[in-house]
Amino acid sequence: KQMEKGEGVGSLSEVKADPQWSQVQSTGVFVLKLFLQEHKQSVVGLSEKSEVLDLVAQVLLGKGGVAYFIKWKEDEKAAADATLGLSNLKVTDDPPGPSSSSLTAVAEGIKSGKYKHIIVMTGAGISVSAGIPDFRTPGTGLYDNLGKYNLPHPTAVFELPFFKTNPKPFFILAKELYPGNYAPTKCHYFIRMLDEKGVLLRNFTQNIDTLEREAGMNPEQLVEAHGSFGGAACISCKHPHSPDFVRTAIFADQIPMCSACNSHVVKPNIVFFGEGLPDRFFKLVKKDFPQCDLLLVIGTSLAVHPFASLVNMVENTVPRVLINREAVGPFTSKTRPGGRDVAALGDIEATVADFVRLLGWEDEFNGNVAKWQLERTERLAALASNTADSQATTETGAPSQGGHDSSDNSSSESKPAASQ
């Protein structure tokens, strides 16, 4: 459209000089991935990661990302939707919604059966009350605690090239964050409760702490957009390994090594910087969001794309509810009476408790949480027993389960330093 109007976008270098380039680029690649799924025959030979497609993303989406679609006149947007196969991007500035912009009205809608296909988007905010330390707080942040390993920059711990040459810092961090160290919050159990009630379509989460799994959620109802510790694979031959395999090595202060090729590191299925999001994410975004009749956005800054773009992918009649400490994304705009957006700001755990009460689930929820916490305690006890048995075997001289110990002094990529 820009080119047709003679506006153009300049050279690739000029585009990349724009301060919004990185955000637009990630949004563009996300939308283009959906486009590729619909029109593979028309883009044969092009790589999704090529600069050509990056530039096409800029042309298609403009400086405002998905907002560029919103600003188009209806006839132009309809034509674009038909071309791109993205008819679910139907967003207006003031779409219709509940008669009352309140959590009470939303709760009544769930109780009455009006909302049966709920999507929940979650971020790090739902895990703060679990005691998980953040990354950047001076002195106590996880990045500060990794400083002694002379990282070139703090985020290098999540960069694949650095990991291949020195995986030790990552696995020290992984031991700190590993599932079982922290207990799920009421918010995690609330999402499971939605599933138990049969109204949860899917939980899309940015978190890698797997507290949703710890809460006993059905993995099929969960999309871990940035991966998790729920699986692992060799960085070279891609042979899959179980979470228990990796856990045993990590808690023995060893680097998990591939049991198939015996020469490369096994990395948990966490998305590092520069890696693509899981295919399952894109597949279920396309499948789920057109069906969504209520969107709950909990504990996320809506700052990291493409995940943040999901909030604009429900139909324009679908209510969107933010439960967060502060207003973010589209919820920062002043909500007009009768609008679809509800912003319940404040302590997330307290707001979730209020929501449960408004739903009339309080007694049932508290009983279920007690039961689910007991089940988790028993599961962790069994896991600890198995881990202790494995470590005892190692100490008696038997080979460890796929790990290199401190006696291996090799520093090459194929045999990284192993003792943490």
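For clarity, every value in this text was computed on a predicted model and none was experimentally measured.

Definitions and cut-offs
- Numbering of residues begins from 1 in every chain and follows the order in which that chain's sequence is written.
- Per-residue local features of the predicted model are confined to residues with pLDDT of at least 70, and side-chain atom pairs are confined, for both listing and counting, to 80 or more; whole-chain, interface and lining totals are unaffected and use all residues.
- Hydrogens and water are ignored here; the side-chain numbers use all heavy atoms of the structure.
- Axis angles are defined between N-to-C directions and span 0 to 180 degrees, where every axis is a line fitted to C-alpha atoms and, for a helix, only to the segment in contact.
- Working definition: helices are DSSP H or I runs of at least four residues, strands are E runs of at least two. Numbering for both runs from the N terminus.
- Each crossing gets its hand from how the near helix is turned against the far one by less than a right angle, where anticlockwise is left-handed and clockwise is right-handed.
- In this analysis, two residues are considered to be in contact whenever any of their non-hydrogen atoms come within 4.5 Å of each other.
- Under this grouping Gly is polar, as are all residues other than the nonpolar Ala, Val, Leu, Ile, Met, Phe, Trp, Tyr, Cys and Pro and the charged Asp, Glu, Lys and Arg.
- Partly exposed describes any residue whose relative accessible area lies between the buried limit of under 20% and the exposed limit of over 50%, with all areas from a 1.4 Å probe on protein chains only and scaled to the type maximum.
- Each pair of strands is called paired provided DSSP finds at least two bridges between the two strands.

Attention shifts here to the packing of helix α10 (residues 186–196) against helix α14 (residues 348–359). At their nearest, the axes of α10 and α14 sit 9 Å apart, and the two run at 30° to each other. Two packed elements cross with a definite hand, and for α10 against α14 that hand is left-handed. Residues K186, C187 and F190 of α10 pack against I348, E349, V352, F355, V356 and L359 of α14. The class makeup of the residues in the contact of α10 with α14 is seven nonpolar, no polar and two charged.

With that settled, consider unusual backbone geometry. A positive phi angle, close to 70°, is found at K238, a residue other than glycine. Among the secondary structure elements, K238 is positioned in the loop between β4 (227–234) and β5 (240–241). Of the residues examined, K238 reaches a relative accessible area of 56% and is grouped as exposed. Of note, N262 is a non-glycine position whose phi angle comes to about 60°, a positive value.

Before going further, it helps to spend a moment on the sheet that holds strand β3 (residues 222–224). Neighbouring strands of a sheet are bound in pairs by backbone hydrogen bonds; such pairs are parallel or else antiparallel. Pairing is parallel in the open sheet, where six strands are placed in the order β3-β2-β1-β8-β9-β10. Two strands in the sheet have a free side with no partner beyond their single neighbour: β3 and β10 (341–345). Strand-to-strand, the axes of this sheet are offset by a mean angle of 15°, without reference to chain direction. Pairing geometry for strand β1 (residues 118–122) and strand β8 (residues 294–298), over five bridges, is parallel. Within β8, the position partnered with T122 by the bridge is I298. Seen against the sheet, helix α6 (residues 103–111) touches β1, β8, β9 (320–324) and β10 and runs at an angle of roughly 115° to β10. Where α14 meets the sheet, its contacts fall on β8, β9 and β10, and the angle it forms with β9 comes to roughly 135°.

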